[in-house]
Amino acid sequence: QVQLVESGGGVVQPGDSLRLSCAASGFTLNSYTIGWFRQVPGKEREGVSSISGSDGSTVYADSVKGRFTTSRDIAKNTVYLQMNSLKPEDPADYYCAAVEPGWGRILRTMLVGVHYWGQGTPVTVSS
């Protein structure tokens, strides 16, 4: 059974850091691209970053480039999203997803290639 479980969300202040985890089971990380998405109420879910299953290459949205880093631990079958210098515009529910290889290179269309979703974890940035 394929499962993605996110953890690590919480409440932080502007400028703080958080690390989200996405633990995968039922498949290995080299089978799919893992995408990170975020969604705020009333808006579409947007792709934040992706990490390729084949070579670990990463892609980032302009809004998070230089602040967020996605990485993976093959042995733990887990992908991480390190979020630094969090801004007031970053709060959202963050989701990881298993994405069909090839769909993760262009974040605005990555949603089309999603096979499996995690349940999401909330991130709040409040002063």
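What you see as residue numbers is a count from 1 along each chain, following the sequence as written. Given that the model is predicted, a residue must reach a pLDDT of at least 70 before its local features are reported, and side-chain atom pairs must reach 80 or more before they are shown or counted; all residues, however, enter totals for whole chains, interfaces and linings. Water and hydrogen atoms were dropped before computing side-chain values, which therefore reflect all heavy atoms in the structure.

## Some points on the pattern of salt bridges
Put simply, the rule is: When a carboxyl oxygen of Asp or Glu is within 4 Å of a side-chain nitrogen of Lys or Arg, the pair counts as a salt bridge. Every helix listed is a DSSP run of H or I at least four residues long, and every strand listed is a run of E at least two residues long, numbered separately from the N terminus. Burial here depends on accessible area, computed with a 1.4 Å probe over protein chains only, as a share of the maximum for the residue type. Under 20% is buried, over 50% is exposed, and the range in between is partly exposed.
Applying the stated criterion across every chain, the model contains 4 salt bridges. The closest approach of N and O atoms between aspartate 90 and arginine 38, which form a salt bridge, is 2.9 Å. Within this pair, whereas aspartate 90 is found in the loop between strand 8 (78-83) and strand 9 (92-99), its partner arginine 38 is found in strand 4 (residues 33-39), the two being separated by 52 residues in sequence. The exposure class assigned to aspartate 90 is buried, which follows from its relative accessible area of 1%. Salt-bridge contacts for aspartate 62 lead to lysine 65; the nearest nitrogen and oxygen are separated by 3.1 Å. One continuous salt-bridge network, built from bridges that share partners, spans Arg38, Glu46, Arg67 and Asp90.

## Quick word on the state of the cysteines
Basically, it comes down to this: Disulfides are defined as cysteine sulfur pairs within 2.5 Å.
What the rule picks out here adds up to 1 disulfide. The disulfide that involves cysteine 22 links it to cysteine 96, with 2.1 Å between the sulfurs. Disulfide cysteine 22 to cysteine 96: torsion about the S-S bond roughly 75°, handedness right-handed. In this pair, cysteine 22 sits in strand 3 (residues 18-25) while cysteine 96 sits in strand 9, placing the two residues 74 residues apart along the sequence. Judged by its relative accessible area of 1%, cysteine 22 falls in the buried class.

## As for unusual backbone geometry
The backbone of asparagine 77 shows a phi angle near 55°, a positive value even though the residue is not glycine. Its location among the elements puts asparagine 77 in the loop between strand 7 (68-73) and strand 8. The phi dihedral of serine 85 is positive, around 50°, even though this residue is not glycine.

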